[in-house]
Amino acid sequence: MSEIYYDKDADLSIIQGKKVAVIGYGSQGHAHAQNLRDSGVEVVIGLKEGSKSKAKAEEAGFTVLSTAEASAWADVIVILAPDQVQRHLFAADVLPNLAEGKALVFGHGFNIRFGYIQAPEGIDVVMVAPKGPGHTVRREYEAGRGVPVIVAVEKDASGQAWPLTLSYAKAIGGLRAAGIKTTFTEETETDLFGEQAVLCGGASQLIQYGFEVLTEAGYQPQVAYFEVLHELKLIVDLMWEGGIAKQRWSVSDTAEYGDYVSGPRVIDPHVKENMKAVLADIQSGAFAERFIQDQDAGAPEFLALRKKGEEHPIEATGRELRKLFAWNASSDDDYVDGEAAR
């Protein structure tokens, strides 16, 4: 059985008595920082020189320091920079400013699990990972609710790491919903597997293959797009609301029967074996090594794969079709802005 924590299990005064530096002001960083502040915690933002996030953080009323200055000032250092950046940032700016009794908080276990960051003796290493994007973490907090978090302690140098972790989780609103105890290893390996085998890699590849099969058979790409991509949201929303059972209950009998007889033909036992191979590469560190080496080299493989994906015929079809959706007319705006910022 999972060990689950709620607001009643945490003492908010612990984190209120600490000086907290949030390193990074992106999706998760802005939400953690604002929720902490609204919970009565003293917070500064640590950013690298020239960061585009500096203006946003200052506009929100935060003091912005360099990463090194923020790390030197803080008792609790929250590292929310991208995975591939964290070890460089840690070595250059955080490590020289660590002192016994300080704590490192992570939102994802990647760098600790695979040894890219190794904290010195006397430092608590903990994780509080909301199971939702930052804007949802912030919105739910403001509404008096919370996004569930998973919590872990890798190093309890002070003997007080768990009370600190739960206090932090309470301050960002996570324990209003629930805090589920895990480990850095479990969080990292399951998170990477979910992304690669199901949520991102698995779903994306399934959609692309479905589109190719229909268009290669002579069906219109616009019709294929609706059937294999557009309607997927309806199905996922039903699953999210009530599990696979509710989705099957909600669709037509024809669709439900097709689910049972054809799903296992497409996603057959061989797919499960492929998934096990993906998990093995994650567990061994092979995926992490491939990703980090590519990033260190300037990300040639990553960028080539991104370009290849963006050139798939389903993307051009989708861009044209989405212009017809009056209720969703600006759906590509953030993506275009994101492209411009890359």
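Residues numbered from 1 in each chain as written. Predicted model: local features only at pLDDT ≥ 70, side-chain atom pairs only at ≥ 80, totals over all residues. Heavy atoms only, no water.

The protein chain is annotated in an unreviewed UniProt entry as Ketol-acid reductoisomerase (NADP(+)) from Cryobacterium shii. As stated in UniProt under Sequence similarities (unreviewed entry), the record for the protein chain gives "Belongs to the ketol-acid reductoisomerase family." (UniProt positions renumbered as here; feature names shortened; annotations may be inferred.)

**Details of a nonpolar patch on the surface**
Nonpolar side chains collect at one region of the surface, where Ile4, Tyr6 and Ile180 lie side by side and expose about 230 Å² of accessible area between them. Residue placement: Ile4 occurs in strand β1 (residues 4-5). Judged by its relative accessible area of 37%, Ile4 is partly exposed. (Patch = residues over 30% accessible without salt bridge, like charges linked within 9 Å, V, L, I, M, F, W, Y side chains within 5 Å. Areas by Shrake-Rupley, 256 points an atom, 1.4 Å probe, with all protein chains shown as cover. Salt bridge = Lys/Arg side-chain N within 4 Å of Asp/Glu carboxyl O. Helix = DSSP H or I, 4+ residues; strand = E, 2+ residues; numbered from the N terminus. Buried < 20%, exposed > 50% of the residue type's maximum accessible area, 1.4 Å probe, protein only.)

**Considering the sheet that holds strand β7 (residues 124-130)**
Whether parallel or antiparallel, the strands of a sheet pair through hydrogen bonds between backbone atoms. The mixed open sheet is built from 9 strands, whose spatial order is β1-β9-β8-β7-β6-β5-β2-β3-β4. Each end of this open sheet is capped by a strand with a single partner; those strands are β1 and β4 (64-66). (Pairing = 2+ DSSP bridges.)

**A word on the UniProt feature "domain: KARI N-terminal Rossmann" (unreviewed entry) in the protein chain**
When the UniProt feature table is mapped to this numbering, "domain: KARI N-terminal Rossmann" (unreviewed entry) covers residues 1-182. Helix makes up 36% of residues 1-182 and strand 23%, with an end-to-end C-alpha separation of 12 Å.

**Observations regarding the packing of helix α15 (residues 286-296) against helix α16 (residues 300-310)**
Packed helices, taken two at a time, are described by their axes: the angle between them and the distance between them. Direction vectors running N to C along α15 and α16 enclose 95°, while the axes themselves pass 7 Å from each other. On the basis of the axis angle, α15 is roughly perpendicular to α16. Between α15 and α16, the residues in contact are Arg290, Asp294 and Gln295 and Pro300, Glu301 and Phe302, respectively. Classifying every residue of the contact of α15 with α16 gives 2 nonpolar, 1 polar and 3 charged. (Axes fitted to C-alpha atoms, helices over the stretch in contact; angles between N-to-C directions. Parallel < 35°, antiparallel > 145°, perpendicular 65-115°, else oblique. Contact = heavy atoms within 4.5 Å. Nonpolar A, V, L, I, M, F, W, Y, C, P; charged D, E, K, R; others polar.)

**Section: the side chain of Gln247**
Examined against the element boundaries, Gln247 turns out to sit in helix α12 (residues 232-250). For Gln247, the residues in contact, after removing those within four places along its chain, are Ile235, Leu238, Met239 and Asp259.

**Re the UniProt feature "binding site: substrate" (unreviewed entry) in the protein chain**
Here the UniProt-annotated "binding site: substrate" (unreviewed entry) positions come out as Ser252. Tracing the sequence through the fold places Ser252 in the loop between α12 and α13 (253-266).

**Brief notes about empty space enclosed by the protein**
Within this structure, the stated rule accounts for 1 cavity of 30 Å³ or more. Empty space within the largest cavity amounts to approximately 30 Å³. Along the walls of the largest cavity sit Pro130, Val137, Gly146, Val147, Val149, Ile172, Gly173 and Gly174, which together make up its complete lining. Split into classes, the residues belonging to the lining of the largest cavity amount to 5 nonpolar, 3 polar and no charged. (1 Å grid on protein atoms, 1.4 Å probe; cavity = no way out; pocket = protein on both sides within 12 Å on 5 of 7 lines; lining within 4 Å. Points joined across faces, edges and corners; volume = space filled by probe spheres on them.)

**Examining the packing of aromatic side chains**
All chains considered together, the criterion is met by 9 aromatic pairs. Arranged with centres 6.0 Å apart and planes meeting at 45°, the rings of Phe226 and Phe325 form a pair that is tilted. One end of the pair, Phe226, is in helix α11 (residues 221-230); the other, Phe325, is in the loop between α17 (313-322) and α18 (333-341), with 99 residues separating them in the sequence. Using a relative accessible area of 6% as the deciding quantity, one classes Phe325 as buried. A connected cluster of aromatic rings, assembled from ring pairs, spans Phe110, Phe114, Tyr116, Phe287 and Phe291. Of note, Arg37 hangs over the ring of Phe62, and the distance from its end group to the ring centre comes to 3.9 Å. Cation over ring: Arg176 sits above Tyr141, and NZ or CZ is 4.3 Å from the ring centre. (Phe/Tyr/Trp six-rings, centres within 6.5 Å; stacked < 30°, edge-to-face > 60°. Lys NZ or Arg CZ within 6 Å of the ring centre and 35° of its normal.)

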